[in-house]
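# Chain and residue survey
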Amino acid sequence: MADDAELQRRTGLFRGTVVRCRVTGHRGRFGVEVEIISDTEKPPAFIDFVLLADGGRHVPPEDFPSVGSELEAVVVAFMPDGELRLDARPLLFRQGTCGA
């Protein structure tokens, strides 16, 4: 298990980095699994159901983006297991608060 600094160095991703990602699966009622779309290998990533919609709205599984959908998201954190946690709330991008 690598620490945050090692994962950031290896992936080139940092907190606040805007990424394009593709939904690869649904994780029950908890959110969606995604892959970072890039030409380099990226760690597995996940978007929690409360980070899919504005206002802390809990998105139910039937409203999750479909597998294959592409989203814009922001890197929030590296989890202890090396998985990236992303935030895809549209308001971040409309207000320009995502650091892009």
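The text that follows walks through the structure, step by step, so that each part is easy to find.

Within the chain one finds two helices and five strands. Counted from the first residue to the last, the chain has its helices and strands arranged as α-β-β-β-β-β-α. Relative to its full complement of 100 residues, the chain shows a buried share of 37%. Within the chain, contacts between residues separated by at least 24 positions form 56% of all contacts whose residues are at least 6 apart in sequence. Only carbon and sulfur atoms are counted for the fraction: they give 51% of the accessible area of the chain, which is about 5800 Å².

Time to look at the sheet that holds strand β4 (residues 70-78). Ordered by their spatial adjacency, five strands build a closed barrel running β1-β2-β3-β5-β4, and the pairing between neighbours is mixed. Across the sheet, the mean angle from the axis of one strand to that of its neighbour is 55°, orientation sign disregarded. Relative to strand β5 (residues 84-87), β4 is paired through four bridges, and the arrangement is antiparallel. When the bridges of β5 are listed, valine 74 appears paired with aspartate 87.

Once that is clear, we can look at the environment of glycine 25. You can see glycine 25 is positioned in strand β1 (residues 18-26). Contact partners of glycine 25, with chain neighbours within four places excluded, come to Val32, Glu33 and Val67.

We now examine the side chain of glutamate 83. The residue glutamate 83 is located in the loop between β4 and β5 in this model. Side-chain polar atoms of glutamate 83 contact the side chain of arginine 27, separated by 2.6 Å. The residues touching glutamate 83, leaving out its near neighbours within four places in the chain, are Arg27, Pro44, Ala45, Phe46, Ala77 and Phe78.

Cys21, Val34, Ile47, Leu84 and Leu86 are the most contacted members of the largest nonpolar core, which has 23 residues in total. Where this core is concerned, the elements lending two or more residues are β1, β2 (31-36), β3 (45-48), β4 and β5. If you tally residues by element for this core, the top one is β4, at four residues.

Below, the discussion takes up the pattern of salt bridges. Between side chains of opposite charge, a pair can form when the charged atoms approach closely. Under the counting rule described, the total for this entry stands at seven salt bridges. When the shortest N-O distance is used, the salt bridge between aspartate 48 and arginine 85 registers 3.8 Å. With aspartate 48 in strand β3 and arginine 85 in strand β5, this pair connects stretches of sequence that are 37 residues apart. In this structure aspartate 48 comes out as buried when scored by relative accessible area, which is 15%.

This brings us to the pairing of β4. Looking at chain direction, β1 and β4 are connected through five bridges and run antiparallel. Following the sheet pairing, cysteine 21 is matched in β4 by leucine 71. In textbook terms, the turn of a hairpin is the stretch between consecutive antiparallel strands, and for β4 and β5 this stretch comprises five residues, one of which, glycine 82, has a positive phi near 95°.

What counts, and where the lines are drawn
- Residues numbered from 1 in each chain as written.
- Predicted model: local features only at pLDDT ≥ 70, side-chain atom pairs only at ≥ 80, totals over all residues.
- Heavy atoms only, no water.
- Helix = DSSP H or I, 4+ residues; strand = E, 2+ residues; numbered from the N terminus.
- Buried < 20%, exposed > 50% of the residue type's maximum accessible area, 1.4 Å probe, protein only.
- Contact = heavy atoms within 4.5 Å.
- Areas by Shrake-Rupley, 256 points an atom, 1.4 Å probe, with all protein chains shown as cover.
- Pairing = 2+ DSSP bridges.
- Axes fitted to C-alpha atoms, helices over the stretch in contact; angles between N-to-C directions.
- Polar contact = N/O pair within 3.5 Å; in protein donor to acceptor, adjacent residues only side chain to side chain.
- Core = buried A, V, L, I, M, F, W, Y, C linked by side-chain atoms within 4.5 Å.
- Salt bridge = Lys/Arg side-chain N within 4 Å of Asp/Glu carboxyl O.

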